[in-house]
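This is what each chain is made of:
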There are 2 protein chains.
Amino acid sequence: MDYLQVTFRLDALPSEAPDLIEAVLLEQTVETPADVARRDTFVREQMMGLVQEIKALGGSSVRATLAIPILTAGIDPAQFLNVLFGNVSLHTHVALESFEIPPTLESFFPGPRFGIGGLRDRLGVRDRPLTCSALKPVGLSTARLSELCRSFARGGIDVIKDDHYLANQPFSPFDERVRACQDIVEDVSAETGRRVIYCPNLSGTPDDVLRQLEFAQAQGVGAVMLAPAIMGLPFVYQLVHAHLDVPLLAHPSFSGSNRIPTEVLLGRIFRLFGADAVIFANYGGRFGYTPEECGRIATELRAPWSEIAASWPVPAGGMTVERAGELIDFFGIDTMLLVGGNLLLAGDDLLDRTREFTAAVAEAAAHRPLGTP
Amino acid sequence: MDYLQVTFRLDALPSEAPDLIEAVLLEQTVETPADVARRDTFVREQMMGLVQEIKALGGSSVRATLAIPILTAGIDPAQFLNVLFGNVSLHTHVALESFEIPPTLESFFPGPRFGIGGLRDRLGVRDRPLTCSALKPVGLSTARLSELCRSFARGGIDVIKDDHYLANQPFSPFDERVRACQDIVEDVSAETGRRVIYCPNLSGTPDDVLRQLEFAQAQGVGAVMLAPAIMGLPFVYQLVHAHLDVPLLAHPSFSGSNRIPTEVLLGRIFRLFGADAVIFANYGGRFGYTPEECGRIATELRAPWSEIAASWPVPAGGMTVERAGELIDFFGIDTMLLVGGNLLLAGDDLLDRTREFTAAVAEAAAHRPLGTP
């Protein structure tokens, strides 16, 4: 039988652990008293799963791995999340630690369609990290955002994304902005012979997002961004499998949860659902993440995982041009460096500052080995 | 100007609080350095919001209320969540405490379409709590689930819902199950003259869910259930506003987050997005919630809130028939009592046990005042 293997960390004394783990297994499989579940032969034999391993970690911490039949988890993307960390997310003493999918689920979850290799192909960039910046702040007119876009494009940025607060506001309607920014990156590409991707932010209901996506793809955009934790992962799944022709950049907004580790939610789940590049709050920026946490996110995004393509780590959140070398040393060249506000501080010197950024990346990358550290 | 008012609890010393709060305000409004944001007149005057109040709570705990312009929050349901607790959810020292929407946002967020009053109307039940049970465990055939459904209906349950693990599995395909269970509740209603609602679980991608909903509504179901934290709140918004003709029951799966209090996410946000009834893990069951927490969820769901309809609290998660009286004392009669596994334990005596449950509710309610405690 095929199982989804899920590892939880439990806040429990070793003596309490076996009962608690059996309760978690029931919760995540049949969610009825065991006596009820066992009455039906099919349920008893096929649905109840098993405890694979229990390990005391010292103190009141226990790690447990459950094998959960994929008859529910593999039926649709919402059920996958239900089984992975649905009801059990309500137990404050149970945290998701990691999971493994069986080979039979891989056709259901093919992961990123472009990932690291596919986006390199589209940009024609092999030997350095990618660079990224953001059109912001929200409230600027399309004309002002377009000026920023032109400076970023001329300055050598690879991926120019909308800020995640840009939606379909009257001061910069979605269609107007996408048309303007896509025209600009195409103009600059024609001038320079260098490909530049404009990546609009998709926002609203699924119907809104589908309409925005259709418009954006018809305009020829090279990628799109959305926030999976806001939009819902089942919708991301549908987009990736039925609607998206271009790479998907995942934004971490609303993803803060203390009980799914960041590297599992952003590094593993977002990748599995098809994000080609995943933005995360990097260490030493506006957020309190440690280098170790950020390293784990990047590792998860790029780790060999059967046939599932590697996804781009996009460290962000208060990065500076001056840190390009350090970040490349830390993350390696299969990394997309996202610098936003720090470039925008240059004001009228935005183009020069952007060139400094892209030159710093090229320079720092020149002597680094290809691939992942 | 119209503001969304958001209150955060910060883990910070009073001396550090002002800087931290300014940083949170920037993050949740313009997400650029303040110097960059202030360069544009419109951004400076319309987009930057303000700190309304800072209150030291003792120790290293501070409460801060921000006024955030609705020019982003009010543009679509995804931006609402972005502004409410998007990027700032990544700060482990910042927790969402509560929020208030301005009157101008109320047409955008009308809340539940049925709520407590509308569902009472549909069922013709005025003077007692509603009763609810669940078809489970997953793995049973449609024939077996139908038998359970018939016993629940004959036993007097008001709302018979699918377990949240029931999807479109081969052992009980969605359409087959919905047709069978809806036929049963209609048969029993015809026999007894008492209305019974069958409430199927919607699961999958938004496209899957829309197809399931169309089928279920065509069959005449009286309500539907889904898990907003899995499906994504913007999709819930779309469903409520464009597709749903029947009441919506919200399931709490995947909603466990340590930094949005349960009463805010389930009690306030789910209600605002249109859930007519919200299931939560009750105290004294399988989950570790306290009576105080559960009381706060129920309070939020039913509190007067401008023109927004009250939503049903649905305490669940290991409830027993024997607790009916206690739960009615605690939650009052504007409550839907959900007992699942405890009824199913009765096995062949399911019908009698269900009658015990519904009789206990009627009895306990007989001497209680109408309305909310």
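The structure this text deals with has already been given above.
Residues numbered from 1 in each chain as written. Chains lettered and ligands numbered in written order. Predicted model: local features only at pLDDT ≥ 70, side-chain atom pairs only at ≥ 80, totals over all residues. Heavy atoms only, no water.

### Quick word on the overall build of chain A
So, step 1. Along chain A, the regular secondary structure elements total 16 helices and 12 strands.
So, step 2. Of all 373 residues assigned to chain A, the portion counted as buried reaches 63%.
So, step 3. Here chain A displays about 12400 Å² of accessible surface, and carbon together with sulfur accounts for 50% of that area.
So, step 4. Counting 31 positive and 46 negative side-chain charges, chain A places the averaged centre of each group 4 Å from the other. (Helix = DSSP H or I, 4+ residues; strand = E, 2+ residues; numbered from the N terminus. Buried < 20%, exposed > 50% of the residue type's maximum accessible area, 1.4 Å probe, protein only. Areas by Shrake-Rupley, 256 points an atom, 1.4 Å probe, with all protein chains shown as cover. Lys, Arg positive; Asp, Glu negative; His and termini not counted. Charge placed at Lys NZ, Arg CZ, Asp CG, Glu CD.)

### A short note on the interface of chain B and chain A
So, step 1. Between chain B and chain A, the contact holds 81 residues from the first and 81 residues from the second.
So, step 2. Counting each side, the surface lost to burial between chain B and chain A is near 6500 Å², with a carbon and sulfur contribution of 60%.
So, step 3. Interface area lost by chain B to chain A is led by Leu90, Tyr165 and Phe254 of chain B, which between them contribute 12%.
So, step 4. The tally of links from chain B across to chain A stands at two salt bridges.
So, step 5. Viewed at the interface, chain A and chain B are joined by 30 residue pairs in polar contact (both at pLDDT 80 or more). (Contact = heavy atoms within 4.5 Å. Buried area = accessible area lost by both parts, 1.4 Å probe. Salt bridge = Lys/Arg side-chain N within 4 Å of Asp/Glu carboxyl O. Polar contact = N/O pair within 3.5 Å; in protein donor to acceptor, adjacent residues only side chain to side chain.)

### Points about the state of the cysteines
So, step 1. Within this structure, the stated rule accounts for zero disulfides over all chains.
So, step 2. Summary of cysteine pairing: Cys294 of chain B is not part of a disulfide, and the nearest cysteine sulfur, belonging to Cys132 of chain B, is at 16 Å. (Disulfide = S-S within 2.5 Å.)

### A short note on the layout of surface pockets
So, step 1. By volume, the largest pocket is sized at about 530 Å³.
So, step 2. Glu31 of chain A together with Lys136, Arg286, Gly317 and Gly318 of chain B are the residues nearest the centre of the largest pocket, which is lined by 35 residues in total.
So, step 3. Contributions of two or more residues to the lining of the largest pocket are made by α1 (17–28) of chain A together with β10 (277–281) and α15 (341–344) of chain B.
So, step 4. The greatest single-element share of the lining of the largest pocket, amounting to five residues, is contributed by α1 of chain A. (1 Å grid on protein atoms, 1.4 Å probe; cavity = no way out; pocket = protein on both sides within 12 Å on 5 of 7 lines; lining within 4 Å. Points joined across faces, edges and corners; volume = space filled by probe spheres on them.)

### Concerning the relation of the copies chain B and chain A
So, step 1. Once chain B has been moved 0.0 Å along the axis and rotated by 180°, it coincides with chain A to within an RMSD of 0.0 Å. Both copies of the chain, as the preceding transformation shows, are related through a two-fold rotation axis. When C-alpha positions in chain B are compared against the rotation axis, the closest is assigned to Gly232 of chain B, at 1.9 Å.
So, step 2. Interface overlap between copies is the fraction of interface residues in one copy that are interface residues in the other; for chain B against chain A it reaches 100%, indicating a shared surface. (Least-squares fit on C-alpha atoms with pLDDT ≥ 70 in both.)

### Focus on the packing of aromatic side chains
So, step 1. The final tally for this structure, using the stated rule, is 22 aromatic pairs over all chains.
So, step 2. In this structure an aromatic cluster arises from ring pairing among Phe80, Phe99, Phe108, Phe109, Tyr237 and Trp305 of chain A.
So, step 3. One cation-aromatic arrangement involves Arg323 of chain A over Tyr283 of chain A; the distance from NZ or CZ to the ring centre is 5.1 Å.
So, step 4. The aromatic ring of Trp305 of chain B is capped on one face by Arg268 of chain B, whose charged end is 4.2 Å from the ring centroid. (Phe/Tyr/Trp six-rings, centres within 6.5 Å; stacked < 30°, edge-to-face > 60°. Lys NZ or Arg CZ within 6 Å of the ring centre and 35° of its normal.)

### Brief notes about the packing of helix α8 (residues 174–192) of chain B against helix α9 (residues 206–219) of chain B
Each packed pair of helices is defined by two parameters, the angle between the axes and the distance between the axes.
Residue and element names in this part refer to chain B.
So, step 1. Where α8 contacts α9, the two axes come as close as 10 Å, and the packing angle between them is 25°. As judged from the angle between their axes, α8 and α9 are roughly parallel. The chirality of how α8 crosses α9 is right-handed. In this structure, α8 contributes Phe174, Asp175, Val178, Arg179, Gln182 and Glu186 to the contact, and α9 contributes Arg211, Gln212, Phe215, Ala216 and Gln219. (Axes fitted to C-alpha atoms, helices over the stretch in contact; angles between N-to-C directions. Parallel < 35°, antiparallel > 145°, perpendicular 65-115°, else oblique. Left-handed = near helix turned anticlockwise from the far one by under 90°.)

### Quick look at the environment of Ala218 of chain B
All names here are of chain B.
So, step 1. Tracing the backbone through its elements, the reader meets Ala218 in helix α9.
So, step 2. Overall, the relative accessible area of 66% leaves Ala218 in the exposed class.
So, step 3. Sequence separation between Ala218 and Arg179 is 39 residues; the distance between their C-alpha atoms is 9.9 Å.

### Quick notes on helix α1 (residues 17–29) of chain B
Residue and element names in this part refer to chain B.
So, step 1. Relative to the 18 Å expected for 13 residues at 1.5 Å per residue, α1 spans 18 Å between its end C-alpha atoms, a close match to the ideal helical length.
So, step 2. All of the buried residues in α1 are Ala17, Leu20, Ile21, Val24, Leu25, Glu27, Gln28 and Thr29.
So, step 3. Lining the buried residues of α1 we find β1 (3–11), α3 (41–47), β2 (50–56), β3 (61–69), α5 (77–85) and β4 (94–100).
So, step 4. A positive phi of about 45° marks Glu31, the residue just after α1. (Expected span 1.5 Å × (residues − 1).)

### Description of the pattern of salt bridges
So, step 1. Counted under the stated rule, the structure contains 38 salt bridges over all chains.
So, step 2. Taking the shortest distance from any N to any O, the salt bridge between Asp334 of chain A and Arg120 of chain A comes out at 2.7 Å. With Asp334 of chain A in the loop between α14 (324–331) and β12 (336–338) and Arg120 of chain A in helix α6 (residues 115–123), this pair connects stretches of sequence that are 214 residues apart. Note on accessibility: Asp334 of chain A and Arg120 of chain A belong to one class, buried.
So, step 3. Here Asp121 of chain B makes a salt bridge to Arg126 of chain B, at a shortest N to O gap of 2.2 Å.
So, step 4. A relative accessible area of 45% means that Arg126 of chain B is categorised as partly exposed.

### Comments concerning the nonpolar core
Among soluble globular proteins, nonpolar side chains are generally buried collectively.
So, step 1. Among the nonpolar cores identified, the biggest contains 234 residues, and Phe80 of chain A together with Phe80 of chain B are the most heavily contacted of them.
So, step 2. With residues up to four places along the chain from it excluded, the contact list for Phe80 of chain B reads Leu4, Ala73, Phe99, Ile101, Phe109, Leu272 and Phe273 of chain B. (Core = buried A, V, L, I, M, F, W, Y, C linked by side-chain atoms within 4.5 Å.)

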